[in-house]
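Here is what each chain is made of, one letter per residue.
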Amino acid sequence: MVKRSKIEKFRGFNLMNMFCSESSVYYATHDSPGYFYEEDFRMISELGFNFVRIPLSYRIWGKPDDLFYVDEKKLAALDKAVEYADRYRLHINIAMHRAPGYCVNEDEPIPEPTCLWSDPTALSAFRHHFHKIAERYVGVPEENLSYNILNEPPHSVSALQYLEVCRGIIDEIRSLDPKRLISADGTAWGCDPPFELIRHEEPNILYSCRGYDPSSLTHYGLEDVADANGVVHTPVWPGQNLYTVGYHPERNFDYGPEQLHRYVNMWGAVQKIYDVPVMCGEFGVYKKAPYDAALSFIDELLSAFSENKIGYAMWQFRGPFGVADSEREGAHYEDFYGHKLDTKMLEILLKY
């Protein structure tokens, strides 16, 4: 089994330029699908980070009514991302965010026509798409590039269903690239360790958690959930109006520093007991959350990750969850190559 010490601690950002297709409802508020900006890679590297995660939607190069269709010309943008990452010495993680038959987001006007978890055709199509991607980068050094199997499988999927999908994609990648590092998200939208897969002791697998709880803070102003009286409370960190939303709806308990550290320590224990690498593939706080609470939460979260030797990738570099061009009320921005850089948030990120 791969030792954690053999894998560099990743610290960086998600870049969302292939996160959604032009038909997605997110398209109006995100960069043009299929086009990456070299300056993002350059700025991330210059600021001292070493990692970028690239969430992908197969709808950019594929079709929901022809699940095996691949327009390889539209994968040229991904080639540029790999080129930019190499140029600026960033490890690039290619992550399937929307696969045939599943996506955590309901952003497309045409829903997935089948179910990845129950339809063998969907899994075959998923393997086909991943094969097309993986064969493009066979020659890229292992330390430069990795793959993330699937973003945030839902809590409703069984351990065996998730294992079948993971093993299928792992086999597809390994048939082309036997030594490639592959990351697997936790179950329950990335929150719970995927023990069924961990116990199989697949080599070169990194396990990826999330940093979005308490969701009443991290998604405040974006996905607000009212209390029993229909009131949406302004979160205060630590200590007030904090609870999980969505990931474990049966456990809507008060959430504070104690629960946060317990959660991160659980993933740290997985790393130590099973001798496998762990990182946080996504975390962040939406721009409408109280600024001081956002900073305090991120500081505590990254401190807990650091104590457990867990790396991280913030959801967005530039944008409402990010450290640049976020339009946060109360933030102090400095100009950085024409972009507004949140200096206090950056200081916290660099501390860990």
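As a reminder, the structure under discussion sits directly above these lines.
Since the model is a prediction, treat every value here as computed from it, not as a measurement.

A. Looking closely at the overall build of the chain. When you go through the chain residue by residue, the secondary structure sums to 10 helices and 11 strands. Against the globule reference of 20 Å for 352 residues, the chain gives a C-alpha radius of gyration of 19 Å, in line with a compact fold. Each principal axis of the C-alpha atoms in the chain carries an extent, and together these give about 50 × 45 × 45 Å. Counting over 352 residues, the chain shows a buried share of 57%.

B. Local environment of empty space enclosed by the protein. Within this structure, the stated rule accounts for 2 cavities of 30 Å³ or more. In this structure, the largest cavity encloses a volume near 50 Å³. For the largest cavity, the full set of lining residues is Ser215, Ser216, His219, Tyr220, Glu223, Asp224, Val225, Val232, His233 and Tyr243. Residue composition of the lining of the largest cavity, grouped by class: 4 nonpolar, 4 polar and 2 charged.

C. Looking closely at the pairing of strand β1 (residues 11-14). Sheet topology note: the β1/strand β9 (residues 311-314) ladder contains 3 bridges and is parallel. Counterpart to glycine 12 in the pairing with β9 is alanine 313.

D. View of the nonpolar core. Of all hydrophobic cores here, the largest spans 103 residues; its most connected members are Phe41, Trp61, Ile94, Phe126, Ile133, Ile298 and Leu349. Excluding its chain neighbours within four sequence positions, the residues that come into contact with tryptophan 61 are Met18, Leu56, Tyr69, Val70, Asp71, Lys74, Leu75, Met96, His129 and Ile133.

E. Structural context of the pattern of salt bridges. Tallied over the full model, the rule gives 22 salt bridges. A salt bridge links arginine 210 to glutamate 152, with the shortest nitrogen-to-oxygen separation between them at 2.7 Å. Separated by 58 residues along the polypeptide, arginine 210 in strand β7 (residues 205-211) and glutamate 152 in the loop between β5 (145-148) and α4 (159-176) bring together distant segments of the chain. According to the relative accessible area criterion, glutamate 152 is buried, its value standing at 6%. One continuous salt-bridge network, built from bridges that share partners, spans Arg53, Glu152, Asp185, Arg210 and Glu282.

Reading the values: the criteria
- Residues numbered from 1 in each chain as written.
- Predicted model: local features only at pLDDT ≥ 70, side-chain atom pairs only at ≥ 80, totals over all residues.
- Heavy atoms only, no water.
- Helix = DSSP H or I, 4+ residues; strand = E, 2+ residues; numbered from the N terminus.
- Rg over C-alpha atoms; globule rule 2.2 N^0.38 Å.
- Buried < 20%, exposed > 50% of the residue type's maximum accessible area, 1.4 Å probe, protein only.
- 1 Å grid on protein atoms, 1.4 Å probe; cavity = no way out; pocket = protein on both sides within 12 Å on 5 of 7 lines; lining within 4 Å.
- Points joined across faces, edges and corners; volume = space filled by probe spheres on them.
- Nonpolar A, V, L, I, M, F, W, Y, C, P; charged D, E, K, R; others polar.
- Pairing = 2+ DSSP bridges.
- Core = buried A, V, L, I, M, F, W, Y, C linked by side-chain atoms within 4.5 Å.
- Contact = heavy atoms within 4.5 Å.
- Salt bridge = Lys/Arg side-chain N within 4 Å of Asp/Glu carboxyl O.

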